[in-house]
Structure formats: C-alpha cells, structure tokens
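# Structure assessment
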Amino acid sequence: MDAPSGSWSIYSRTEITNRYEILERVGYGAYSDVYRARRLSDSLIVALKEIHDYQSAFREIEALQILQNSPNIITLHEYFWREDEDAVLVLEFLRTDLASVIKEAKRNWEKGLSVGEIKRWMIQILLGIDACHRGSIVHRDLKPANLLISEDGVLKLADFGQSRILLEPSFGTGNNIPPEQNSPNHEWVLQQPEVLFDTENPEGTRNEEQETISKEDYLRELDHIKAKNPVDETDKETNIHDGDTSCLATCTASDIEDDPLKNSYTYEAEEHGQDESGDLTSCVGTRWFKAPELLYGSVDYGQEIDLWSLGCIFAELLMLEPLFPGTSDIDQLSRIINVLGNLTEETYPGCSKLPDYGKIFFNDKKNPSGLVACLPNRSPNEIHLVQKLVCYNPATRATAMELLEDSYFNEEPLPVPVNELRVPLTNSGQDESSQREWYNRDMDSDSDFEEFNGANVSTSEEHEYVKKIEVMGMTLTEMHSCHPDTVEWGKKFVQWLLSAGSRKYVEENPWIQRCSPP
Ligand SMILES: Nc1ncnc2c1ncn2[C@@H]1O[C@H](COP(=O)(O)OP(=O)(O)OP(=O)(O)O)[C@@H](O)[C@H]1O
C-alpha cells in the first residue's frame, strides 16, 4: 500500500511535536509505527501509534473510544488525524506483552509460570474480553503479542485495528461514554473521518457546532466512508511476530498462492465496504489463533471467534508452546482436526454450510489425539476450561463471564496479586540493551534482514542504520533538516546495501530508494 501523503515523518507534524517529545521508535506492525514519547505538559511517557492504514485507524479509534472505561483495555489519551495524514493515537505506554512473558518463562524461569500466575493473567484477559463483548465489539486478533502489560503487571488488550462493532451499543443513551468524552469537544463515536481532529485541540479542523448524529446517520456515514476508502487486503503481505517465532499473517499473498482454497477467500465482503447483508470477512486474526469457522471462510461469525483465540492463549500459558502452530491455513486446519477430530454436522451443526466446507477434504480422523494429549501434566480443571473454548461448535464455547465465574479461579492455588506477577521489562526504552532486545524481537527470523546475511556489517549496526533511517524519514535532505546526525548513518547504510548486493531489498522498499545518497 502506498504511504498516504504526509505520513512517515511524525517528526514533522508540529501539532504533535508541540505537545510531545518523540524519544524513539519501539515497535511496528503491519500498518503502524509505534514511538515512545514524553508529554511536554507533565512528562508522562506515552506511546504514539502512527497508523498508515485508514481502516485500521478508524477501527482502532472507534473501538477504543467505546471501551475506555475498562481497566483491562489500553487507554487512548487522545488522537491526531487530519485530512491526508496518518492517524496518530496517543496511547498509554506499556513495556511488555504476554508473548514476552511466555518466552521469558520458557527460557529462564525454572518452573515456568505458576498456576497462581496463570490464573491472574487469565482473569485479566477475561475481564478485557468481557468488556469488549459487552460493548458488542469483537477484537478479531487476540494473541499474546496483542496483550500488553504494564511494569506493575496490569494486562491490557491492545491493537484493535481489526476489531468490529457487531451492534452499536446504546446509541443516544450516554452509556459507555467516558465523562470527559461526553462534552461538546469530544465525540465518542468516530465522526467524519475525512477531517478528524485532535481531540484536545479541535480548532480549525473541526466544526464545534456539529450536532450529535443519529444512529442511522452514523451508519450511513460509515458505509459511505468505507465505500470511499477501500482497503486491498491482498496488500497485507506482512509478517506478524508472535513471541519467539514469527508466522505469516493470515491471508498473505503467499498463502493465496499456495493454498487450494485460494479462490474462496472472502476479501470483498467487508473491506470494500460492508455489503448489504452485513457479512464480515473471514480474513482476520493471526493464523495460530484463528477459529475453524474462519478458516472455512465464515462471514457471519460472532464474538465466539475471540473465545477460540482465548482458548489457544490459555493453552499456550499452560504449556508455554503454541497449541496449533500452523504453517498455512490448510496446515492450521489439519492440526486442529488431528486433535479435535473430523469437523462434521455432529460436532458443529451447520458447518457444511460454511463457504469453504467441501472444498477441501482431510483424511478421516478416527482417533484424534484430543486436547488432553496436548496438555500433559495439567490439571483436569485446566484441561476442561481449554475444552470449553477450543471446540468446534461456536455456540457451545463458554463466554468470558462464564469462565470468570468458574470455580477454577477461586480454588487453591489462588491467583497471585497483580503486583506479584513476574514481568520481563522488554520495552523499557531506557537502556540500550533492552531496547535492542525489543527491536530484535521485531526483526524476527523471516524479516527482510535475512537478506543481509554475509554482508560485512554487524547485526547491531544493521539495526541501528535501519532504525535511524526508517524513523527519521524519507530523504537524506529531509533527515538532515530534522536530525543532522543521521545523515552519515543514512549514507553509509544505503551504500552498504548496494555494495552488499541487496538491490532486491532496495527495490522492494520505496522508503530506502528515497534515501539514496544525493
Ligand atoms: N501502547 C504501547 N506501548 C508500548 N508498545 C506498544 C504499544 N502499542 C504497540 N506497541 C508495540 O508496537 C508494535 C506494533 O503495535 P501493534 O501491534 O499495535 O501494531 P499493528 O500495526 O496493529 O500490528 P499488527 O501487525 O500486529 O496488526 C508491537 O510490537 C507493540 O508491542
């Protein structure tokens, strides 16, 4: 996807830099760059998430505005979004995530996670999911890397870029509206995204006399905007990193090439404007956590897809290994069938009507291994809870609230207090080594950096070069005007890239082409 004009250089946006000192980039995702920053007014450390994709930004802001009252949902302080510019969300800064906890527990904690810790992590996840589902929001991309954690152990659901509102909650009633957003200068529903506004400083970009719009107007507006701003999902050839191992995001171009179901993915249903039937898209979520109904192309799923993902996350907390680490969507289904058995009308009434059911056949699995075999040495209660979530029939999956009420969480060993949870401080942004660890995590095994192997440049130098150039902007001249010290880094890096024969990398990355030495 082409970068929208005005993107890339968050440093050149004075409405942001007047209020925040941008300290460093701490991460990036398919469509975003995330920076650690300091609010100038009170020195609060925040995360600035610059989102390069219209729909992801729209969804994330929309969902977060509705969910701001929940302690287990990431806090959105404010956002900046003006015409022709990327949205920049000001989020609370959270130093690590559940993927890092799992990784650390597996590598360095002798007995892994204690039962008390697992229970406390689960309770926090369940509270976050319950808040989403009560707000009629389906997250659609739950995975350990999207469960961010503060240094004092509070877990928060984050990355709502794929979320959807199934039914708009409480229109016109005032419910769920945070008090500070229920004032004339704040709007809790996302309005007029063509000219959105800085929530604390709307002058000039926002008509303050705007009236509250009705539900019907809002939905009409939403449809209109979506139709005007289609997103080509096939552009999303992106690696999603999850803890130690990276896996391809669902529905990547390579998936489609390799996959016998390739003609049957549902890209259009939502992303080119929600169709009149209100169908959703099956192209959501990270594969390992993706419910079978999505793998079979369902477009009328509900919040149950989050509950399947939750079951996979719970199993991973118990075993410190992903439950179904599929390497393609077909492999994903095959792994699930090996464990749960054949997907039939008996196990999932209605499954034969799923769009892709009958397009691919797996060998009859007479003796599936069962979830018990995947969870050796775990208690019957724990296995039972996973079974309540990781089951074919979405209608029988336990809700977050039902699970919270399960006796498992009230019996010995009790959940440890939040402040006793062990939290690896991956993303401190304060000392160089931990920064690098965080950064390296992003540059996992199937990153572009593999192409650099053999070049006479150390890994840390590579990262420094790329970090500086990517963070600073597009051209050396631009970089010079912002941060003179990066010019030498930039020149050196581009020259090295070309001399190291990484022309392919240069060709495939428009941003680096624009960094070529003058
Ligand atoms: N509030 C935050 N505080 C600290 N780090 C954050 C914060 N939000 C995001 N990050 C980090 O930035 C990176 C990208 O963020 P995020 O996953 O939200 O982006 P995305 O583009 O939506 O990602 P994805 O490709 O998974 O959809 C992640 O490594 C994440 O941990």
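Residues numbered from 1 in each chain as written. Predicted model: local features only at pLDDT ≥ 70, side-chain atom pairs only at ≥ 80, totals over all residues. Heavy atoms only, no water.

For the record, the criterion: UniProt positions are given in the numbering used here, feature names are shortened, and annotations may be inferred rather than shown by experiment.
The name that an unreviewed UniProt entry assigns to the chain is cyclin-dependent kinase, with the source organism given as Macleaya cordata. What the UniProt record of the chain gives under Sequence similarities (unreviewed entry) is the line "Belongs to the protein kinase superfamily. CMGC Ser/Thr protein kinase family. CDC2/CDKX subfamily."

### Overview of helix H4 (residues 115-134)
What counts is decided by this rule: Under the scheme used here, helices are H or I runs from DSSP no shorter than 4 residues and strands are E runs no shorter than 2 residues, and both carry numbers assigned from the N terminus. Expected span of a helix, by definition, is 1.5 Å for each gap between consecutive residues, and there is one gap fewer than residues. Classification of residues uses two cut-offs on accessible area relative to the type maximum, computed with a 1.4 Å probe and protein chains only: under 20% is buried, over 50% is exposed, and between them is partly exposed.
Its 20 residues give H4 an end-to-end C-alpha distance of 28 Å, which sits within 8% of 28 Å, the value for a rise of 1.5 Å per residue. Burial within H4 is extensive, with 16 of its 20 residues counted as buried. Just downstream of H4 lies Ser-136, where phi reads positive at about 60 degrees.

### What about the packing of aromatic side chains?
Aromatic ring pairs: the centre-centre distance and the angle between the two ring planes describe each pair. What counts, and what does not: Stacked, edge-to-face and tilted are the three classes for Phe, Tyr and Trp ring pairs, Trp counted by its six-membered ring, which pair at centre distances within 6.5 Å; planes under 30 degrees apart are stacked, over 60 edge-to-face, the rest tilted. Whether a charge lies above a ring is judged from NZ of Lys or CZ of Arg, which has to be within 6 Å of the ring centre and within 35 degrees of the ring normal.
Evaluated as defined, the whole model comprises eight aromatic pairs. Ring plane angle 15 degrees and centroid distance 6.2 Å describe the contact between Tyr-54 and Phe-58, whose orientation is recorded as stacked. With a gap of four residues between them, Tyr-54 and Phe-58 both fall in helix H2 (residues 54-67), about one helical turn apart. Consider the rings of Tyr-296 and Tyr-357, whose centres lie 5.6 Å apart with planes at 50 degrees: the pair is tilted. Residue Tyr-296 is located in the loop between helix H8 (292-295) and helix H9 (304-319), and its partner Tyr-357 is located in the loop between helix H10 (329-340) and helix H11 (370-374); the two are separated by 61 residues in the primary sequence. Note on Tyr-357: relative accessible area 26%, which makes it partly exposed. Of note, Lys-119 hangs over the ring of Tyr-408, and the distance from its end group to the ring centre comes to 4.6 Å.

### Description of the nonpolar core
Short version of the rule: We call a set of buried Ala, Val, Leu, Ile, Met, Phe, Trp, Tyr and Cys residues a nonpolar core when their side-chain atoms join them within 4.5 Å. The start and end points of each domain follow an automatic or database-based domain assignment. It only takes one pair of heavy atoms within 4.5 Å for two residues to be counted as in contact.
Membership of the largest hydrophobic core comes to 94 residues, with the highest contact counts inside it found for Leu-98, Trp-121 and Ile-125. Residues lining this core come from more than one domain, with at least three contributed by each of domain 1 (10-92) and domain 2 (96-165 + 282-420). Those residues within four positions of Leu-98 in sequence are excluded, and the remaining contacts are Trp-121, Ile-125, Pro-144, Leu-147, Ile-149, Leu-155, Ile-313 and Leu-317. Grouped together as the second largest cluster of nonpolar side chains are 12 residues, Ile-10, Tyr-11, Leu-48 and Val-90 included.

### Structural notes on unusual backbone geometry
Looking along the chain, the bond that leaves Glu-412 and enters Pro-413 is cis, with omega of -10 degrees. Phi is positive for Asp-159, which is not a glycine, with a value near 55 degrees. Tracing the backbone shows Asp-159 in the loop between strand E9 (155-157) and strand E10 (164-165). The exposure class of Asp-159 is partly exposed, given its relative accessible area of 25%. Phi at Leu-320 is positive, roughly 60 degrees, even though this residue is not glycine. Its place among the elements puts Leu-320 in the loop between H9 and H10. For Leu-320, a relative accessible area of 14% puts it in the buried group.

### As for the confidence of the model for the chain
Which entries qualify depends on this criterion: pLDDT expresses, on a scale from 0 to 100, how confident the predictor is about each individual residue.
Confidence in the prediction of the chain, expressed as mean pLDDT, is 72, and 58% of residues score 70 or more. Contacts from residues 168-276, a stretch scored under 50 in pLDDT, to residues over four places away or in other chains number 223 contacts. Predicted complex metrics record ipTM = 0.97 and pTM = 0.68.

### Some remarks on the pattern of salt bridges
Selection criterion: The salt bridge definition used is simple: a Lys or Arg side-chain nitrogen within 4 Å of an Asp or Glu carboxyl oxygen.
According to the stated counting rule, one finds 22 salt bridges in the structure shown. A salt bridge links Arg-39 to Asp-42; its shortest N-O distance comes to 2.7 Å. In this structure Asp-42 comes out as partly exposed when scored by relative accessible area, which is 42%. A salt bridge links Arg-287 to Asp-329; its shortest N-O distance comes to 2.8 Å. In this pair, Arg-287 sits in the loop between helix H7 (268-271) and H8 while Asp-329 sits in helix H10, placing the two residues 42 residues apart along the sequence. The exposure classification of Arg-287 matches that of Asp-329, with both residues buried. Because the salt bridges share partners, they merge into one network encompassing Arg-13, Glu-15 and Glu-85.

### Describing the pairing of strand E1 (residues 20-28)
The condition that has to hold: Two strands qualify as a pair provided that DSSP identifies no fewer than 2 bridges between them.
Sheet analysis places E1 next to strand E2 (residues 32-39), joined by seven bridges and oriented antiparallel. For Gly-27, the partnering residue across the bridge sits in E2 and is Val-34. In this structure, the hairpin formed by E1 and E2 is closed by a connection of three residues.

### Looking at the packing of H9 against helix H12 (residues 380-389)
The cut-off we apply is this: Note on method: axes are straight lines fitted to C-alpha atoms, helices fitted across the in-contact stretch only, with angles between N-to-C directions ranging 0 to 180 degrees. What sets the label is the angle itself: under 35 degrees gives roughly parallel, over 145 gives roughly antiparallel, 65 to 115 gives roughly perpendicular, and the rest give oblique. If you view the pair so one helix is near and one far, a crossing is left-handed when the near helix is turned anticlockwise from the far one by less than a right angle, and right-handed when it is turned clockwise.
Close contact between H9 and H12 brings their axes to 8 Å; oriented N to C, the two are set at 155 degrees. With respect to H12, the axis of H9 lies roughly antiparallel. Between H9 and H12 lies a crossing of left-handed hand. Note on element contacts: H12 touches H9 through Glu-382, Leu-385, Val-386 and Leu-389, opposite Leu-307, Trp-308, Leu-310, Gly-311, Phe-314, Ala-315 and Leu-318.

### Focus on the environment of Glu-62
Inspection of the secondary structure assignment puts Glu-62 in helix H2. For the pair Glu-62 and Arg-164, spaced 102 residues apart in sequence, the C-alpha separation works out to 8.9 Å.

### Re the sheet that holds E9
Hydrogen bonds along the backbone pair up the strands of a sheet, which may run parallel or antiparallel. Across the sheet, which stays open at both edges, the three strands sit in the order E6-E8-E9 with antiparallel pairing between neighbours. On the outer flanks of this sheet lie strand E6 (96-97) and E9, each paired with one strand and no other. The pairing of strand E8 (residues 147-149) with E9 spans three bridges and is classified as antiparallel. Bridging across to E9, Leu-148 finds its partner in Lys-156.

### Considerations on the sheet that holds strand E3 (residues 45-51)
Ordered in space as E1-E2-E3-E5-E4, the five strands form an open sheet in which the pairing is antiparallel. Pairing within the sheet leaves two strands with one partner each, and these edge strands are E1 and strand E4 (76-80). Going from strand to strand, the sheet's axes swing by 25 degrees on average, the running direction of each strand aside. As judged from the seven bridges shared by E2 and E3, these two strands associate in the antiparallel manner. Bridge pairing in E3 places Tyr-35 opposite Leu-48. Across the sheet, H2 lies against E3, E4 and strand E5 (87-92), angled at about 35 degrees from E5, the strand it touches most.

### Let's talk about the UniProt feature "binding site: ATP" (unreviewed entry) in the chain
Quick reminder of the rule: Pairing of N or O atoms within 3.5 Å defines a polar contact, subject to two protein rules: one partner must be a possible hydrogen donor and the other a possible acceptor, and residues neighboring in sequence count only if both atoms are side-chain atoms.
Per the UniProt record, the feature "binding site: ATP" (unreviewed entry) sits at Lys-49. Relative to the elements of secondary structure, Lys-49 occurs in strand E3. Of the residues examined, Lys-49 reaches a relative accessible area of 8% and is grouped as buried. Once residues lying within four places of it in the same chain are set aside, the contact partners of Lys-49 are Ser-32, Asp-33, Val-34, Glu-60, Ala-87, Val-88, Leu-89, Leu-91 and Asp-159. Of note is the side chain of Lys-49, whose polar atom sits 2.9 Å from the side chain of Glu-60.

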